[in-house]
Amino acid sequence: ESEPENKLDGETASDSESKSEFGGVVPAPAVDDTPEVLNRALSNLSSRWKNWWVRGILTLAMIAFFFIIIYLGPMVLMMIVMCVQIKCFHEIITIGYNVYHSYELPWFRTLSWYFLLCVNYFFYGETVTDYFFTLVQREEPLRILSKYHRFISFALYLTGFCMFVLSLVKKHYRLQFYMFGWTHVTLLIVVTQSHLIIHNLFEGMIWFIVPISCVICNDIMAYMFGFFFGRTPLIKLSPKKTWEGFIGGFFATVVFGLLLSYVMSGYRCFICPVEFNNDTNSFTVDCEPSELFQLQEYNIPLVIQSVIGWKTVRMYPFQIHSIALSTFASLIGPFGGFFASGFKRAFKIKDFANTIPGHGGIMDRFDCQYLMATFVNVYIASFIRGPNPSRLIQQFLTLRPDQQLHIFNTLKAHLIDKGMLASSEDA
């Protein structure tokens with residue numbers, strides 16, 4: 001009762017001071033962005049059911065679009081990831097720009113996009129060097145850029161850093177450093193994670209599709225269970241989230257992950273690593289399936305045997321890994337959404353943008369995906385990935401003849417010591 005009534009829940013005096021320095025955060029007016037066709041078709045429904053149908057129809061449309069881009073192949077998927085990254089960056093930076101613009105310091109937006117360009121140049125340059133090694137070594141301009149890639153990247157970033165220092169204006173130093181930090185945190189959240197998504201894609205499309213599909217499934221099923229059965233609030237940051245939706249989404253996502261993994265593990269186009277073919281200058285996804293994607297027989301625990309009557313079950317080892325992926329997507333992934341909800345509440349906005357009617361902006365749909373991308377990348381590096389013979393051979397062929405001969409003799413001596421190769425004296 002003693003606190004001023006015009007303060008938000010949890011707002012302190014320091015928050016108010018920061019708000020005044022930023023010129024105040026004005027809530028965006030509510031705008032009905034539902035297509036007119038849907039408005040007319042659903043005009044007789046209550047707002048609750050109207051929102052349900054709008055979200056449902058547009059969710060199906062987005063799922064159909066997802067299937068189309070998967071069909072178009074890995075190159076299109078990488079381009080879509082790049083476009084999503086740029087749009088998410090634009091939505092977050094625009095929120096800061098709307099505050100910052102009132103001080104007539106225009107370099108903020110320019111520098112933000114410049115830093116985005118620098119960071120993308122660094123990450124995509126690293127990717128090209130790793131996965132297109134032979135092509136890079138074959139083309140002289142690419143070879144030079146690859147050799148000095150990190151120095152060029154640092155020089156580009158240093159240029160932006162100096163531009164920022166030169167743009168500092170008296171009386172607004174603290175605000176400008178707020179915005180400098182804003183840009184870099186956005187780059188960390190958006191660009192770094194999208195780079196990891198592309199790395200996951202190169203490990204095999206199944207490592208791209210299954211995690212993303214699990215997050216989508218959890219989002220849908222949590223909404224469905226919460227809509228029909230939700231009674232108990234889950235977290236204050238998202239008042240509409242319920243324990244019923246959270247738990248229901250978890251079990252539904254685990255089952256969905258097992259089924260999707262079983263179906264996809266039988267197709268080489270999904271399980272094979274995406275590699276660049278230097279002869280055809282195109283991507284290939286053909287290989288001999290690893291043990292991860294070969295059916296194995298597993299013994300069922302005695303407790304479960306008494307219930308279902310089965311002693312063994314045949315399944316792909318990847319399905320076991322899918323349980324870890326779906327569990328993370330349903331239990332930890334939503335915290336990416338809670339983080340985004342806290343961010344939006346801090347700036348009194350409902351959504352990051354109104355790009356997708358009923359869903360908000362692109363960032364509103366991908367807030368959980370970025371956290372998932374990091375987990376998948378760490379999971380692959382920790383439990384799945386081993387040495388890549390084809391990449392080692394590519395690097396070996398780019399060495400000088402004397403270096404190749406030295407490695408050959410060293411490898412030959414090693415194999416002879418192991419008894420895997422007969423020595424010339426034995427022959």
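See above for the structure.
Below or above, wherever it landed, is the structure these notes cover. What you are looking at is a predicted structure, and each value in this text was computed from that prediction instead of being measured.

On to the state of the cysteines, then. Under the counting rule described, the total for this entry stands at one disulfide. Two residues, Cys272 and Cys287, share a disulfide whose sulfurs are 2.1 Å apart. A torsion of -90° about the S-S bond marks the disulfide between Cys272 and Cys287 as left-handed. Of this pair, Cys272 sits in the loop between α12 (268-271) and β3 (275-277) while Cys287 is found in the loop between β4 (282-284) and β5 (296-299), placing the two residues 15 residues apart along the sequence. Judged by its relative accessible area of 23%, Cys287 is partly exposed. For Cys217, which is in no disulfide, the shortest distance to another cysteine sulfur is to Cys214 and amounts to 6.9 Å. According to the relative accessible area criterion, Cys217 is buried, its value standing at 11%.

This part is about unusual backbone geometry. Glycine aside, residues mostly have negative phi angles, and peptide bonds mostly take the trans form. At Lys171, a position not held by glycine, the phi torsion is positive, near 80°. Classification of Lys171 as exposed rests on a relative accessible area of 76%. Unusually for a residue other than glycine, Lys348 sits at a positive phi of about 55°. Tracing the backbone through its elements, the reader meets Lys348 in the loop between α15 (334-346) and α16 (362-384).

For an α-helix, 3.6 residues make a turn, and residues three or four places apart therefore share a direction. Here helix α8 (residues 149-167) spans 27 Å end to end across 19 residues, near enough to the 27 Å set by a 1.5 Å rise per residue. Restricting attention to buried positions, one finds in α8 the residues His149, Ser153, Gly160, Phe164 and Ser167. Projection of α8 onto a plane perpendicular to its axis shows the buried side chains occupying an angular sector of 65°, all on one side. In α8, the exposed positions angled more than 90 degrees off the buried face are occupied by Phe151, Phe154 and Leu166.

Reading guide: rules and limits
- Residues numbered from 1 in each chain as written.
- Predicted model: local features only at pLDDT ≥ 70, side-chain atom pairs only at ≥ 80, totals over all residues.
- Heavy atoms only, no water.
- Disulfide = S-S within 2.5 Å.
- Helix = DSSP H or I, 4+ residues; strand = E, 2+ residues; numbered from the N terminus.
- Buried < 20%, exposed > 50% of the residue type's maximum accessible area, 1.4 Å probe, protein only.
- Expected span 1.5 Å × (residues − 1).
- Arc of directions from axis to C-beta.

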